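One letter stands for each residue in the lines below.
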Amino acid sequence: MPRIVETIVTTIDAAGTPHLAPLGLIEDGDLWIIAPFRPSRTLDNLLANPHAVASHTGDVRVFAGCITGRRDWPTVPADVVPGVRLQDAVSHWELSVVRMSDDAQRPRFHCRIVHAASHAVWSGYNRAEAAVLELAVLATRLSMLPPEKIDAELQYLEIAISKTAGPREREAWDWLMERITAFRRGDADAAQKR
Ligand SMILES: Cc1cc2nc3c(=O)[nH]c(=O)nc-3n(C[C@H](O)[C@H](O)[C@H](O)COP(=O)(O)O)c2cc1C
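Remember, it's a predicted structure, so these values are computed and weren't measured experimentally.

Definitions and cut-offs
Residues numbered from 1 in each chain as written. Predicted model: local features only at pLDDT ≥ 70, side-chain atom pairs only at ≥ 80, totals over all residues. Heavy atoms only, no water. Helix = DSSP H or I, 4+ residues; strand = E, 2+ residues; numbered from the N terminus. Expected span 1.5 Å × (residues − 1). Buried < 20%, exposed > 50% of the residue type's maximum accessible area, 1.4 Å probe, protein only. Contact = heavy atoms within 4.5 Å. Near = heavy atom within 4 Å. Polar contact = N/O pair within 3.5 Å; in protein donor to acceptor, adjacent residues only side chain to side chain. Areas by Shrake-Rupley, 256 points an atom, 1.4 Å probe, with all protein chains shown as cover. Domains from an automatic or database assignment. Buried area = accessible area lost by both parts, 1.4 Å probe. Salt bridge = Lys/Arg side-chain N within 4 Å of Asp/Glu carboxyl O.

1. Details of helix 4 (residues 147-164)
Its 18 residues place the ends of helix 4 26 Å apart at the C-alpha level, agreeing with the 26 Å of an ideal helix rising 1.5 Å per residue. Taken together, the buried positions of helix 4 are occupied by Ile 150, Leu 154, Leu 157, Ala 160 and Ile 161. The elements touched by buried residues of helix 4 are helix 3 (127-139) and helix 5 (167-185).

2. Re the site of the ligand
In the vicinity of the ligand there are 18 residues, among which His 19, Pro 22, Phe 37, Arg 41 and Thr 42 approach most closely. Here a nitrogen atom of the ligand and a backbone polar atom of Gly 24 are 3.2 Å apart. For the ligand, an oxygen atom lies 3.0 Å from a polar atom in the side chain of Arg 106. Out of a free accessible area of 620 Å², the ligand has 91% covered by protein chains.

3. With respect to the domain arrangement of the protein chain
Reports often express the size of an interface as the amount of accessible area lost when the parts come together. Partitioning the protein chain into domains gives domain 1 (4-118) and domain 2 (127-192). Taken over C-alpha atoms, the centre of domain 1 sits 23 Å from the centre of domain 2. Counting from both sides, the interface comprises eleven residues of domain 1 and, opposite them, 14 residues of domain 2. Taking both partners together, domain 1 and domain 2 bury about 1100 Å²; carbon and sulfur atoms supply 74% of that area.

4. Focus on the side chain of Thr 7
Tracing the sequence through the fold places Thr 7 in strand 1 (residues 4-12). Judged by its relative accessible area of 0%, Thr 7 falls in the buried class. Apart from residues no more than four positions distant in its own chain, Thr 7 is found in contact with Ala 21, Pro 22, Leu 23, Leu 25, Ala 54, Ser 55, His 56 and Phe 63.

5. A few points about the pattern of salt bridges
Scanning the model with the defined rule gives seven salt bridges in all. Note that Asp 102 is salt-bridged to Arg 38, the shortest N-O span being 2.7 Å. Taken together, the residues span a long stretch of sequence, with Asp 102 in the loop between strand 7 (91-101) and strand 8 (108-118) and Arg 38 in the loop between strand 3 (31-34) and helix 1 (41-48) at a distance of 64 residues. Look at Asp 102 and you get exposed, because its relative accessible area is 56%. Judged by relative accessible area, Arg 38 falls into the partly exposed class, the value being 38%.

Now the structure itself:
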């Protein structure tokens, strides 16, 4: 399996409006692949402007926030490509699309890192932060998973939350659980909220 790095990917539309979304970047030799499912704003934006910025952050609320309708995180302009990065990124990569492999479900944008910068000392993830990341992924796949699989994952991830969550992880967990609870109630609008 290739290495996949979970990041906050920023793209811009034709008017220059930024869009933040968590995406896993897939290592591909010297390049990194961004693979957005259809339909998505990230896909539309990459077609309009073949650049992206990947922000690496230890604040897992950004991952949970972006998929629960809380996308308004502070950004600053990127250094080289048109676009923005997270203001509080520990480090970031600026990417230019080299080529695209089209696909009916999940096109792949092969990108080169044209600039990288560090902004702080990385202090690692604790178990609660890793658990929030896992729950965020699960929360984007609710309609594809059997209910008992969701229950089993929740039970396991809650152990890490109860043992090691600080206020940020607790807040992120609560946002995600709101979405999962809404999905279980059959409240499709709330569950789809981005
Ligand atoms: C950690 C993490 C990794 C994700 N990776 C991907 C990915 O590689 N491709 C994708 O289409 N969605 C991925 N998602 C889901 C997207 O973030 C979510 O669907 C998002 O809203 C993208 O759609 P948008 O560009 O329209 O906002 C990921 C979510 C999380 C929490």
